[in-house]
Amino acid sequence: MVSMKDIAAACGVSVATVSKALNDHKDIGGETKEKVRRAAKALGYYPNASARALKTRRTYNLGVLYKEESGSGLTHGYFSGVLESFRNTAENAGYDITFLSNSKKRKDRMSYLEHTLYRGMDGVLIAVADHSDAEVSELLASDLPVVTIDYVYNGRISVMSDNIAGMESLLSYIYAQGHRKIAYIYGEDSMVTTNRLSAYYRFHEKKGLAVREEYLRRGKYRDSHTAGILTSRLLELEQPPTCIVYADDFSAIGGMNAIKDRGLRIPQDISIGGYDGITMASQLEPQLATYRQDTGRIGGIAAEKLISLIENPKATSICQYLVNGELIEGGSVAKMA
């Protein structure tokens with residue numbers, strides 16, 4: 001096994017200089033650092049993770065809690081984008097990521113917090129979880145550095161897509177197209193749902209429009225089947241909406257299928273809007289009007305703030321970071337005569 005002593009001999013420097021060069025110390029010149037790094041690579045040197053952990057008191061391993069109930073797994077358009085950005089940012093900073101598990105099928109089952117401690121994780125990103133779960137609460141209440149996505153918890157950093165601004169942007173576009181009868185099929189109870197619903201009510205109040213409660217239907221995120229059923233019920237109303245907004249683009253696809261099954265055209269007979277801005281939405285015919293969330297910034301900020309909590313906790317502010325997205329007008333919302 002190649003050691004620092006071998007690298008020092010190859011470069012004609014001391015072992016201490018090699019150590020400082022590999023750890024990017026400021027008192028070592030750039031030319032020397034580059035020489036040492038080239039030699040280390042050529043000799044096949046890899047730092048011992050256990051020794052590094054003892055010296056730095058860190059394992060450079062971040063936990064990710066992603067317990068997604070819809071069955072989409074890592075194919076979920078929104079969260080896959082967030083996690084990919086989180087992973088890239090973390091890896092560029094020298095960190096690995098490990099997904100947390102508390103599977104009841106395992107004989108050696110541990111709680112989320114037990115798992116993090118067992119693996120020696122430096123911090124955890126809570127991307128998707130049931131925040132009413134006692135094990136999630138235990139993790140949030142621990143001393144471990146934690147950052148949450150789309151959920152605000154007292155004393156923790158949260159990174160959120162600005163769902164209020166996003167919903168207002170989408171509704172403003174639909175309103176500008178002349179629509180006044182706007183239905184909304186929303187998802188399960190969550191902070192995201194609450195914020196979007198409040199934006200829906202506030203928008204109607206601001207425009208002097210009465211909210212028709214029959215236009216509000218509770219569905220499920222990423223459930224095209226339920227979205228299709230609820231779309232049919234909205235279209236059967238005595239005064240059906242002229243535009244239907246869905247909780248996400250995947251649900252909007254279920255709505256589109258239900259509309260087409262009834263022999264109706266989009267947007268000539270009924271307009272629709274989605275949310276998330278997944279790649280598939282741009283490939284539909286007509287292209288879906290939607291609000292694209294900036295998953296790259298959300299995941300990147302989450303990684304940066306979690307690493308900052310680990311490496312410089314006293315100088316890291318505990319606050320909420322809101323990330324704006326982008327309205328995609330598409331072609332699924334008709335201009336009313």
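Numbering of residues starts from 1 in every chain and runs along the sequence as written. Confidence filtering applies because this is a predicted model: local features only for residues at pLDDT of at least 70, side-chain atom pairs given and counted only at 80 or more, and all residues used for totals across whole chains, interfaces and linings. Values shown for side chains rest on all heavy atoms present in the structure; no hydrogens or waters enter the calculation.

Description of the side chain of Arg-217
- Examined against the element boundaries, Arg-217 turns out to sit in strand E7 (residues 216-218).
- For the purposes of these results, a polar contact is taken to be a pair of N or O atoms within 3.5 Å, where, inside protein, one atom must be able to donate a hydrogen and its partner to accept one; residues adjacent in sequence count only when each atom of the pair is a side-chain atom. Side-chain polar atoms of Arg-217 contact the backbone oxygen of Glu-214, separated by 2.9 Å.
- Residues are treated as being in contact if the distance between any of their heavy atoms lies within 4.5 Å. Excluding anything up to four places from it in sequence, Arg-217 contacts Tyr-184, Ile-185, Tyr-186, Leu-230, Arg-233, Leu-234 and Leu-237. Helix numbering and strand numbering both begin at the N terminus, where a helix is a DSSP run of H or I of at least 4 residues and a strand a DSSP run of E of at least 2.

Here we look at helix H10 (residues 224-235)
- Take the number of residues in a helix, subtract one, and multiply by 1.5 Å to get its expected span. Counted at 1.5 Å a residue, the expected span for H10 with its 12 residues is 16 Å, and the 16 Å between its end C-alpha atoms agrees.
- For every residue, the accessible area obtained with a 1.4 Å probe (protein chains only) is divided by the maximum for its type, and the residue is called buried under 20%, exposed over 50%, and partly exposed between those limits. Taken together, the buried positions of H10 are Thr-226, Ala-227, Gly-228, Leu-230, Thr-231, Ser-232, Leu-234 and Leu-235.
- Where H10 is buried, its residues touch strand E6 (182-186), E7, strand E8 (243-246) and helix H11 (249-261).

Focus on the side chain of Asn-163
- Topologically, Asn-163 is positioned in helix H8 (residues 163-176).
- For Asn-163, a relative accessible area of 2% translates into the label buried.
- A distance of 2.9 Å separates polar atoms of two side chains, one belonging to Asn-163 and the other to Arg-196.
- Setting aside anything within four residues of it in sequence, one finds Asn-163 in contact with Asp-150, Val-192, Asn-195, Arg-196, Tyr-275 and Gln-293.

Thoughts on the nonpolar core
- In terms of nonpolar packing, the biggest core is built from 41 residues, with Met-167, Ile-174, Tyr-184, Val-245 and Tyr-246 touching the most fellow members.
- Those elements that provide at least two residues to this core are H8, E6, helix H9 (191-207), H10, E8 and H11.
- Among the elements that line this core, the one with the most residues is H8, at 6 residues.
- Setting aside residues up to four positions removed in sequence, Tyr-246 forms contacts with Tyr-184, Ile-185, Ala-227, Thr-231, Ser-251, Ala-252, Gly-255, Ile-259, Ile-272, Gly-273, Gly-274 and Tyr-275.
- We call a set of buried Ala, Val, Leu, Ile, Met, Phe, Trp, Tyr and Cys residues a nonpolar core when their side-chain atoms join them within 4.5 Å. The next biggest cluster of nonpolar side chains, apart from the first, holds 27 residues, and it includes Phe-79, Phe-86, Val-147 and Leu-306.

Points about the sheet that holds E8
- By the convention used here, strands pair only if DSSP detects at least 2 bridges between them. Pairing in this open sheet of 4 strands is parallel, and the strands run E7-E6-E8-E9 from one edge to the other. The open sheet is flanked by E7 and strand E9 (271-273), the only strands paired with a single partner. Sheet twist, expressed as the mean angle between neighbouring strand axes with direction ignored, is 20°.
- With 3 bridges joining them, E8 and E9 adopt parallel strand pairing. Looking at E9, one finds that Ile-244 is bridged to Ile-272.
- Angles here are taken between N-to-C directions and fall from 0 to 180 degrees, while the axes themselves are lines fitted to C-alpha atoms, restricted in helices to the stretch in contact. Helix-sheet contacts for H10 involve E6, E7 and E8, and the interaxial angle to E6 is about 155°.
- Where H11 meets the sheet, its contacts fall on E8 and E9, and the angle it forms with E8 comes to roughly 145°.

Remarks on H9
- Counted at 1.5 Å a residue, the expected span for H9 with its 17 residues is 24 Å, and the 24 Å between its end C-alpha atoms agrees.
- Listed as buried for H9 are Val-192, Thr-193, Arg-196, Leu-197, Ala-199, Tyr-200, Phe-203 and His-204. The buried residues of H9 occupy one face: seen down the axis, they fall within an arc of 155°. Exposed residues lying more than 90 degrees from the buried face of H9 are Thr-194, Glu-205 and Lys-206.
- Packed against the buried residues of H9 are H8, E6 and E7.
- Positive backbone phi, approximately 75°, marks Gly-208, located one or two places after H9. Here, the arc refers to the directions that run from the helix axis to the C-beta atoms.

Things to note about the packing of aromatic side chains
- For Phe, Tyr and Trp, rings pair up if their centres lie within 6.5 Å, where Trp contributes its six-membered ring, and each pair is then called stacked (planes under 30 degrees apart), edge-to-face (over 60) or tilted (otherwise). Per the counting criterion, the structure on display carries 8 aromatic pairs.
- Where Tyr-60 meets Tyr-95, the ring centres are 5.0 Å apart and the plane angle is 50°; that geometry is what we call tilted. One end of the pair, Tyr-60, is in the loop between helix H4 (49-56) and strand E1 (61-66); the other, Tyr-95, is in the loop between helix H5 (77-92) and strand E2 (96-99), with 35 residues separating them in the sequence. Comparing Tyr-60 with Tyr-95, the two get one shared label, buried.
- Between Tyr-78 and Phe-79 the ring centres are 4.7 Å apart and the planes differ by 70°, which places this aromatic pair in the edge-to-face class. No difference in accessibility class separates Tyr-78 from Phe-79, as the two residues are buried.
- Geometrically, a charge over a ring is one whose NZ (Lys) or CZ (Arg) sits within 6 Å of the ring centre while staying within 35 degrees of the ring normal. Geometry around Tyr-275 places Arg-196 over its ring, the cationic atom sitting 3.6 Å from the centre.

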